[in-house]
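Breakdown of the fold
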Amino acid sequence: MALAARVGRWLWPRRCALADRLGSRPWPPLLTPSRAGFAGLASSRQGRPRLLGTVAVALGGTLGLYHTVRWHLRAQDLRAELSAAQLSLSSHLQLTLYQYKTCPFCSKVRAFLDFHALPYQVVEVNPVRRAEIKFSSYRKVPILVAQEGDSSQQLNDSSVIISALKTHLVSGEEMKWRQWADDWLVHLISPNVYRTPGEALASFDYIVHEGKFGAVEGAMAKYVGAAAMYLISKRLKSRHHLQDDVREDLYEAANKWVAAVGKDRPFMGGQKPNLADLAVYGVLRVMEGLKAFDDMMQHTRIQPWYLRVEKAIAEAPTAP
């Protein structure tokens, strides 16, 4: 259960979606533990009785998974006001993104940063200990820290992060489809990537490869985590009123997006991707390498648009 809790927190897109509903707050000072502190901690842990440690981990994981599930099922009813965070994008601005690799909301932020050639550092957060974000009372991702000299600002929501970095006015169409990506498209990810036991196992091969798992944890996570997320995906399917074959919802969403972009422009933004293009691309990108992604590319009309966005990001001018 501890491993299931860990992976459930990391990959479950709505776990990130909840982060997307909360605003930003001022950046507190970083606390950097010393090597001696780490050494003392490691020594202390090694001295604990094995049984006590196992019970503690199991109990913590069980409670964590329970609260994650409970919080997720209430997510659609939670709405928080987005703060109007403003940043000055000078050449001295240093950006650090705290993320889970497979979180679609984190991927949205990366897609935006990459396309606009904004240099940034990525800090992969351990989904159990979350020591990397212990400076923050906000315990979800994505978190972006923008620092310029002695001044810093913490932003906590993918839409807030993107809007704060690009403060220009957006069209009603653009805003509508950005909201669609947050409120609908993201909910199709977990039910599709964990649709069958085989797909769940394949997904966890990728998870273990990308995540901060130890050798033993990784071996167990593939089976324990896959089983847990397979069962959870069925709950999500019911929660969001998806079809019996959730692929059909994914296909419909992909084709609906392509129809909205239309045939007369390469992107919704015209000749270059706008925030809606980057949001949809970022959500879908987390499925790359999995069967759900391959099926979507084969059975919908989205591939040409997807490849155009991918190319536009790759060819975006690099920062001087």
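As a reminder, the structure under discussion sits directly above these lines.
Throughout what follows, the structure given in this document is the object of discussion. Computed from a predicted structure; not experimentally measured.

**A word on the overall build of the protein**
Helix and strand content of the protein: 14 helices and 4 strands. Taken over 320 residues, the protein has a buried fraction of 49%. Considering only intrachain contacts with a sequence separation of at least 6, the fraction spanning at least 24 residues in the protein is 77%. Summing over all exposed atoms, the protein offers an accessible surface of approximately 15,700 Å²; the carbon and sulfur share of this is 56%.

**As for the sheet that holds strand 4 (residues 151–155)**
Read across the sheet, 4 strands follow the order 2-1-3-4 without closing on themselves; strand pairing throughout is mixed. Every other strand in the sheet has two partners, leaving strand 2 (120–124) and strand 4 as the edge strands with one partner each. Across the sheet, the mean angle from the axis of one strand to that of its neighbour is 20°, orientation sign disregarded. Of the strand pairs in this sheet, strand 1 (residues 94–99) and strand 2 are connected by 5 bridges, and their pairing is parallel. The residue of strand 2 that forms the bridge with L95 is Y120. Against the sheet, helix 5 (residues 104–115) touches strand 1 and strand 2, its axis set at about 155° to strand 1.

**Concerning the packing of helix 9 (residues 197–210) against helix 10 (residues 215–239)**
Taken N-terminus to C-terminus, the directions of helix 9 and helix 10 make an angle of 135°; their axes are 8 Å apart at the nearest point. Taken together, the axes of helix 9 and helix 10 are oblique relative to one another. The hand of the helix 9/helix 10 crossing is right-handed. Contacts between helix 9 and helix 10 pair P197, A200, L201, F204, D205 and V208 from the former with G218, A221, K222, Y223, G225, A226, M229 and Y230 from the latter. Of the residues in the contact of helix 9 with helix 10, the class split is 10 nonpolar, 2 polar and 2 charged.

**Some details on the environment of G269**
Take G269: it is sitting in the loop between helix 11 (246–261) and helix 12 (275–285). The exposure class assigned to G269 is partly exposed, which follows from its relative accessible area of 35%. Sequence-distant contacts of G269, defined by excluding residues within four places in its chain, comprise N274 and D277.

What counts, and at which threshold
- Residues numbered from 1 in each chain as written.
- Predicted model: local features only at pLDDT ≥ 70, side-chain atom pairs only at ≥ 80, totals over all residues.
- Heavy atoms only, no water.
- Helix = DSSP H or I, 4+ residues; strand = E, 2+ residues; numbered from the N terminus.
- Buried < 20%, exposed > 50% of the residue type's maximum accessible area, 1.4 Å probe, protein only.
- Contact = heavy atoms within 4.5 Å.
- Areas by Shrake-Rupley, 256 points an atom, 1.4 Å probe, with all protein chains shown as cover.
- Pairing = 2+ DSSP bridges.
- Axes fitted to C-alpha atoms, helices over the stretch in contact; angles between N-to-C directions.
- Parallel < 35°, antiparallel > 145°, perpendicular 65-115°, else oblique.
- Left-handed = near helix turned anticlockwise from the far one by under 90°.
- Nonpolar A, V, L, I, M, F, W, Y, C, P; charged D, E, K, R; others polar.

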